[in-house]
Amino acid sequence: MEVHHHPNVEKKGFKEYFLEFLMIFLAVTMGFIAENIREHFADVRTEKEYLSSFKQQLLINKEQFTDMQNSFIDYKPALDSLANLFFDKNENKDLITTARLVVKSKMLNLKTIDVNAYLQLVNSGGLKYIHSVALKDTMTRYADEIKAFENYNNFVLNYITPNIVVINSLEDWHDFFLDHTVKILPYPELTERERRNMVAFNKIRYANAQSNEHDIKEMLRLNERLSAIVIEELAN
């Protein structure tokens with residue numbers, strides 16, 4: 001009878017098992033680190049894309065704010081002067097001056113402020129890629145200021161709109177052009193109610209302009225602060 005002998009298999013020692021474990025552990029760990037590095041660079045690239053788009057929006061906004069500020073230079077004093085003119089019953093005393101003030105009172109240049117880049121950042125979940133707390137907080141405050149500014153002006157517009165038709169019916173619009181001295185016909189004799197309406201209409205718009213000037217200064221300040229933070233983040 002043949003006897004089969006099993007080959008002697010050398011048993012692995014603790015050291016061999018430990019080395020195998022260590023190699024597997026290192027391989028898994030390195031793979032995990034490599035994946036984290038890849039995701040990190042992808043996140044950085046995504047963050048910079050969002051910030052570049054937001055930077056362009058800030059530049060557009062700054063130009064919009066500056067244009068609106070410039071429109072107040074003649075607009076606000078004209079409203080105050082018109083209100084006083086009608087209160088003192090002097091609207092027909094000097095029709096050239098009255099016409100000049102009326103024209104300037106129509107030259108308000110309020111614009112819809114572009115916030116598309118910020119909305120895209122929020123709606124797409126892009127804020128998670130922004131790691132600077134100061135940047136996120138300032139962006140939120142900036143967007144809130146713009147929203148409050150537009151809501152306030154919509155409220156004022158809705159409040160004064162019913163009076164615009166009445167005001168226009170009292171004014172002579174036959175010669176309202178920008179390339180020469182405007183000539184207007186005298187205002188009709190105003191009732192006390194119409195006169196108070198003219199004074200209130202111009203004073204409300206004057207107060208609105210004062211509020212807008214203050215708000216635009218604040219939005220410009222936040223715009224400049226955001227621009228500096230974004231430029232710093234893009235440089236990192």
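Computed from a prediction, not measured in an experiment: that's the story for all the values here. (Residues numbered from 1 in each chain as written. Predicted model: local features only at pLDDT ≥ 70, side-chain atom pairs only at ≥ 80, totals over all residues. Heavy atoms only, no water.)

A.B. asks: Give me the lowdown on the overall build of the chain, citing residues and values where you can.
C.D. replies: Counting its regular elements, the chain contains 5 helices and 0 strands. Taken from N to C terminus, the helices and strands of the chain fall in the order α-α-α-α-α. Across the 236 residues in the chain, those meeting the buried criterion constitute 33%. The contacts of the chain with a sequence gap of at least 6 include a subset with a gap of at least 24, amounting to 85%. For the chain, the exposed area adds up to about 15700 Å²; of that, 58% sits on carbon and sulfur atoms. (Helix = DSSP H or I, 4+ residues; strand = E, 2+ residues; numbered from the N terminus. Buried < 20%, exposed > 50% of the residue type's maximum accessible area, 1.4 Å probe, protein only. Contact = heavy atoms within 4.5 Å. Areas by Shrake-Rupley, 256 points an atom, 1.4 Å probe, with all protein chains shown as cover.)

A.B. asks: Break down helix H4 (residues 133–170) for me, with residues and values.
C.D. replies: For H4, built from 38 residues, the straight-helix expectation of 56 Å at 1.5 Å per residue is met to within 8% by its first-to-last C-alpha distance of 55 Å. Thr-161 marks where H4 bends most, by close to 45°; the proline Pro-162 follows one to four residues later. For H4, the full list of buried residues reads Leu-135, Thr-138, Met-139, Tyr-142, Ala-143, Ile-146, Phe-149, Asn-153, Val-156, Ile-160, Ile-167 and Leu-170. (Expected span 1.5 Å × (residues − 1). Bend = angle between axes of the 7 residues up to and from the residue.)

A.B. asks: How would you summarise the pattern of salt bridges if you had to cite specific residues and measurements?
C.D. replies: Under the counting rule described, the total for this entry stands at 8 salt bridges. The salt bridge involving Arg-195 is made with Glu-91; its shortest N-O contact spans 2.9 Å. Of this pair, Arg-195 sits in helix H5 (residues 192–235) while Glu-91 sits in the loop between helix H1 (14–87) and helix H2 (95–104), and the two are 104 residues apart along the sequence. Comparing Arg-195 with Glu-91 shows no difference in burial state: the two are buried. (Salt bridge = Lys/Arg side-chain N within 4 Å of Asp/Glu carboxyl O.)

A.B. asks: Tell me about unusual backbone geometry, and name the residues and values.
C.D. replies: The phi dihedral of Lys-89 falls on the positive side, at around 60°, and the residue is not glycine. Along the chain, Lys-89 falls in the loop between H1 and H2. Lys-89 sits in the exposed class, given a relative accessible area of 55%.

A.B. asks: Give me the lowdown on the packing of aromatic side chains, citing residues and values where you can.
C.D. replies: One pass over the full model with this rule turns up 2 aromatic pairs. Taking 5.1 Å as the distance between ring centres and 90° as the angle between the ring planes, the aromatic pair formed by Phe-86 and Tyr-187 counts as edge-to-face. Of this pair, Phe-86 sits in helix H1 while Tyr-187 sits in the loop between H4 and H5, and the two are 101 residues apart along the sequence. Comparing Phe-86 with Tyr-187, the two get one shared label, buried. For Lys-203, the ring lying beneath its charged end belongs to Tyr-206, and the centroid distance is 5.4 Å. (Phe/Tyr/Trp six-rings, centres within 6.5 Å; stacked < 30°, edge-to-face > 60°. Lys NZ or Arg CZ within 6 Å of the ring centre and 35° of its normal.)

A.B. asks: Could you give an account of the side chain of Ser-105, naming the residues involved and the relevant values?
C.D. replies: Along the chain, Ser-105 turns up in the loop between H2 and helix H3 (116–123). Within the structure, the side chain of Ser-105 is placed 2.6 Å from the backbone oxygen of Val-102, a separation counted as a polar contact. Every residue in contact with Ser-105, bar those within four places of it in the chain, is listed here: Tyr-75, Ala-78, Leu-79, Leu-82 and Arg-205. (Polar contact = N/O pair within 3.5 Å; in protein donor to acceptor, adjacent residues only side chain to side chain.)

A.B. asks: How would you summarise the nonpolar core if you had to cite specific residues and measurements?
C.D. replies: In this structure, Phe-54, Phe-65, Leu-135 and Ile-216 are the most contacted members of the largest nonpolar core, which totals 31 residues. Among the secondary structure elements, those contributing two or more residues to this core are H1, H3, H4 and H5. Of all hydrophobic cores here, the second largest spans 20 residues; its members include Val-182, Tyr-187, Met-198 and Phe-201. (Core = buried A, V, L, I, M, F, W, Y, C linked by side-chain atoms within 4.5 Å.)

A.B. asks: Quick one: what's the story with the packing of H4 against H5, residue by residue and with numbers?
C.D. replies: Viewed as axis vectors pointing N to C, H4 and H5 meet at an angle of 160°, and their least axial separation amounts to 9 Å. When the axes of H4 and H5 are compared, the pair comes out roughly antiparallel. By crossing handedness, the relation of H4 to H5 is classed as left-handed. Class assignment of the residues belonging to the contact of H4 with H5 gives a composition of 24 nonpolar, 8 polar and 9 charged. (Axes fitted to C-alpha atoms, helices over the stretch in contact; angles between N-to-C directions. Parallel < 35°, antiparallel > 145°, perpendicular 65-115°, else oblique. Left-handed = near helix turned anticlockwise from the far one by under 90°. Nonpolar A, V, L, I, M, F, W, Y, C, P; charged D, E, K, R; others polar.)

A.B. asks: Outline a nonpolar patch on the surface, listing residues and values.
C.D. replies: Taken together, the side chains of Phe-21, Phe-25 and Leu-26 present a nonpolar region at the surface, about 320 Å² in accessible area. One can find Phe-25 in helix H1. Its relative accessible area of 45% is what places Phe-25 among the partly exposed residues. (Patch = residues over 30% accessible without salt bridge, like charges linked within 9 Å, V, L, I, M, F, W, Y side chains within 5 Å.)

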